[in-house]
Amino acid sequence: MHHLTYIQHPRYAQALVDYLKSLGVSASLQIQDNGANVFVENETDLDLAQTELQRFLQEPNHDRYRQASWLVEEDNLQAEKLSKLYRGVTFARILELTGIVTKSIVVVCLVVYLLTAQGYDAGARAPFMFFSSLQHLSGSSEIWRWISPAFIHFGIFHFMFNMSAWWVFGGMVERSQSSMRLFMLFVVCGVISNLVQFLWSGNQFGGLSGVVYGVLGYLWFYERFSPAPPFRLPPGLMVFMVIALVLGFADILPVANQAHLSGLLTGCFLGGLLARTDGAANSKA
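Residues numbered from 1 in each chain as written. Predicted model: local features only at pLDDT ≥ 70, side-chain atom pairs only at ≥ 80, totals over all residues. Heavy atoms only, no water.

### Re the side chain of His153
Mapping His153 onto the fold places it in the loop between α8 (134-139) and α9 (156-176). Only 3.5 Å separates the side chain of His153 from the backbone oxygen of Phe151, close enough to count as a polar contact. Side chain to side chain, His153 and Asn162 meet in a polar contact 3.2 Å long. The contact partners of His153, leaving out residues within four places of it in the chain, are Cys109, Tyr113, Gln118, Gly119, His158, Phe159, Asn162, Met163, Gly207 and Leu208. (Helix = DSSP H or I, 4+ residues; strand = E, 2+ residues; numbered from the N terminus. Polar contact = N/O pair within 3.5 Å; in protein donor to acceptor, adjacent residues only side chain to side chain. Contact = heavy atoms within 4.5 Å.)

### Quick look at empty space enclosed by the protein
For the coordinates displayed, the defined rule picks out 1 cavity of 30 Å³ or more. Space inside the largest cavity adds up to approximately 50 Å³. For the largest cavity, the full set of lining residues is Ser193, Asn194, Phe205, Gly206, Gly207, Ser209, Gly210, Ala256 and Ala259. When contributions to the lining of the largest cavity are tallied by element, the ones reaching two or more residues are α10 (179-201) and α11 (209-225). Here the lining of the largest cavity is built from residues that sort into 3 nonpolar, 6 polar and no charged. (1 Å grid on protein atoms, 1.4 Å probe; cavity = no way out; pocket = protein on both sides within 12 Å on 5 of 7 lines; lining within 4 Å. Points joined across faces, edges and corners; volume = space filled by probe spheres on them. Nonpolar A, V, L, I, M, F, W, Y, C, P; charged D, E, K, R; others polar.)

### Quick look at the sheet that holds strand β3 (residues 35-40)
What the 3 strands build is an open sheet, ordered β1-β3-β2; its pairing is antiparallel. Of all strands in the sheet, those bounded by a partner on one side alone are β1 (2-7) and β2 (27-32). Averaged over all neighbouring strand pairs, the angle between strand axes comes to 25 degrees, with direction disregarded. Two elements, β2 and β3, share 6 bridges in a ladder whose sense is antiparallel. Counterpart to Gln32 in the pairing with β3 is Gly35. Docked against the sheet, helix α1 (residues 10-22) engages β1, β2 and β3, running at close to 170 degrees with respect to β2. Its contacts with the sheet place helix α2 (residues 46-58) against β1 and β3, and it is angled at close to 10 degrees to β1. (Pairing = 2+ DSSP bridges. Axes fitted to C-alpha atoms, helices over the stretch in contact; angles between N-to-C directions.)

### Some words on the side chain of Thr98
With respect to the element layout, Thr98 can be found in the loop between α5 (91-97) and α6 (100-115). Assessed through its relative accessible area of 4%, Thr98 is described here as buried. (Buried < 20%, exposed > 50% of the residue type's maximum accessible area, 1.4 Å probe, protein only.)

### Some points on the nonpolar core
The biggest cluster of nonpolar side chains holds 43 residues, and the ones touching the most others in it are Trp166, Phe169, Phe186, Leu208 and Leu219. Contributing elements (two or more residues each) for this core: α6, α9, α10, α11, α12 (237-249) and α13 (257-284). With sequence-adjacent residues up to four places away left out, Trp166 is seen in contact with Val101, Thr102, Ile105, Val106, Gly171, Leu182, Phe186, Leu208, Val211, Val212 and Val215. Listed in part, the 19 residues of the second largest apolar core include Ala13, Leu16, Val38 and Tyr65. (Core = buried A, V, L, I, M, F, W, Y, C linked by side-chain atoms within 4.5 Å.)

In structure tokens, the structure reads:
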């Protein structure tokens, strides 16, 4: 165990420890009466920890540290010691920390899921399906159909998987950046993934997964190209998602492959673009 630093405010010390853990550094803290000592377990991690410590000391209130505290599981003993300074993540706390866009999309998907009998009532889901033809697309005033297929889900597994992924990764964008940023991602990735899937296979599809892939692509490229990303994806996550994408195209997983791929590519493009744009804006501020 190697001593890294002493921080007077325990809440800030916990934020640093959580952030180090999100980078794969095994770190811990010992709370004193008037502060906390931060320790790093492995000597090989000390250089990285020292570098991140200097960045932390320059901007301890940056969103990346609050985001890390959300993602990293809390230690119950430390949470008890921190008492009012550091609250445990209860379900009520999760709801409180979850943004309006994240929650609203889940609610709409749930309502549509129930109205359409888990997506299997063809008559009930018809108003939510994408345009039936190119002529319908070009001549219709039903503009909601550009996005409404994202609200349709077929069966409990499809629904729960997409809602869980949206809650985690969509919530990551909304908490660390803004509700408007997440809403923009939802609309752009939803429209493009729906259109591509329609052009490839017709309008018999539904689900939020094209948007979820878009959000993941956005997070991936934003973290990669931003000089100071406010979030960190779990190691290996994108490898898993790309493998799932490949399995879909190999017909091992029966999914809307073109919606997934187009959503992912759209999100990657937006992530890289906005990381550069935000970085340039912050450097001028």
